[in-house]
Amino acid sequence: MLQRSLIAKIFLVSFLSVHVPLIALIVHLLFGFDTSPIPVFGLILVATVVGTGVCLFAIWHFIRPLHHLAVALKKYPEDKSVLKIQSSGTDEIAIVTDATKSMLFQVEELTKKLKHQATTDFLTGLANRRWLTEQVPALQSQAERAKEPLSLILFDLDNFKQINDDYGHDSGDNVLMIVGEIVKDSLRPYDLAARIGGEEFCIVLPRTSGEAALKIAERLRAAFQASYVEPLPHGRITCSFGVVQAGPGERLQQLLRRADTALYRAKDAGRNRVIGAFVDKNQ
């Protein structure tokens with residue numbers, strides 16, 4: 001009971017500490033020490049100071065975990081240290097500490113899920129436009145500092161509306177999911193891929209020249225054409241690609257515009273093809 005109750009522990013310590021002078025006086029008298037006023041007064045004074053000190057130290061020891069919890073909670077947004085606190089005992093403070101950690105773990109998990117939902121396309125499992133917009137500037141800055149190339153592939157499913165009209169939206173969704181799986185299986189761990197529109201996708205390729213990006217886009221084009229989704233005929237899933245390499249200081253929107261221009265050239269040239277749009281380095 002005492003171990004589980006902070007109130008009981010504080011009450012017991014306070015009770016004993018208050019009675020330290022009385023206990024000291026009783027012992028003093030029982031052993032027949034000098035009972036003149038000055039020694040007795042000195043004994044009571046010392047016993048009072050000792051009892052008070054013991055009481056304050058014990059209470060500080062009891063509530064110290066609460067202080068640690070309060071400090072950790074204040075720092076929680078920066079370092080999450082509260083999640084590392086080890087609760088000791090089974091009193092009310094330990095219960096509050098364990099409950100707080102449990103709730104914060106749940107908050108962390110929920111935050112991760114919400115962040116994932118906010119930055120992921122639920123149908124394909126790829127990132128969405130928002131996530132791409134957040135990540136690309138840092139990649140571009142890193143590429144410029146390291147003097148490494150960075151390329152972008154923009155591609156669009158050919159006649160996707162017709163697929164939905166002829167075979168239904170479920171078949172259209174299956175096509176999008178197949179495209180997402182092929183993209184995820186084809187890229188390197190540090191490449192970024194996102195669905196940025198209904199049937200439009202974007203891939204960012206760090207450490208990749210425009211020429212290498214063209215080859216990657218061509219492999220993807222062939223993989224899409226070779227894929228099959230019932231009840232579509234074989235070879236029905238095709239995409240048109242626009243490929244660009246980032247220039248110095250070029251922003252994402254500028255890259256997308258150049259890639260979009262190349263993509264529409266691919267559409268106009270008959271679809272199911274890859275076209276690059278590269279800036280002349282001599283200019």
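Residues numbered from 1 in each chain as written. Predicted model: local features only at pLDDT ≥ 70, side-chain atom pairs only at ≥ 80, totals over all residues. Heavy atoms only, no water.

A. Layout of the pairing of strand 3 (residues 192-195). Neither face of strand 3 is open: one carries L192 and A194, the other A193 and R195, and all of them are buried. Relative to strand 3, strand 1 (residues 127-128) runs parallel, the two being bridged by 2 bridges. Counterpart to N128 in the pairing with strand 3 is R195. In this sheet, strand 4 (residues 200-206) lies alongside strand 3 in antiparallel orientation, the contact comprising 4 bridges. The partner of A193 across the bridge, within strand 4, is I203. What sits between strand 3 and strand 4 in their antiparallel hairpin is a turn of 4 residues. (Buried < 20%, exposed > 50% of the residue type's maximum accessible area, 1.4 Å probe, protein only. Helix = DSSP H or I, 4+ residues; strand = E, 2+ residues; numbered from the N terminus. Pairing = 2+ DSSP bridges.)

B. Structural detail: a nonpolar patch on the surface. Taken together, L22, I23, I26, V27, L30, F31 and F33 make up a surface patch of nonpolar side chains, about 730 Å² in accessible area. Take L22: it is sitting in helix 2 (residues 20-30). The exposure class of L22 is partly exposed, given its relative accessible area of 46%. (Patch = residues over 30% accessible without salt bridge, like charges linked within 9 Å, V, L, I, M, F, W, Y side chains within 5 Å. Areas by Shrake-Rupley, 256 points an atom, 1.4 Å probe, with all protein chains shown as cover. Salt bridge = Lys/Arg side-chain N within 4 Å of Asp/Glu carboxyl O.)

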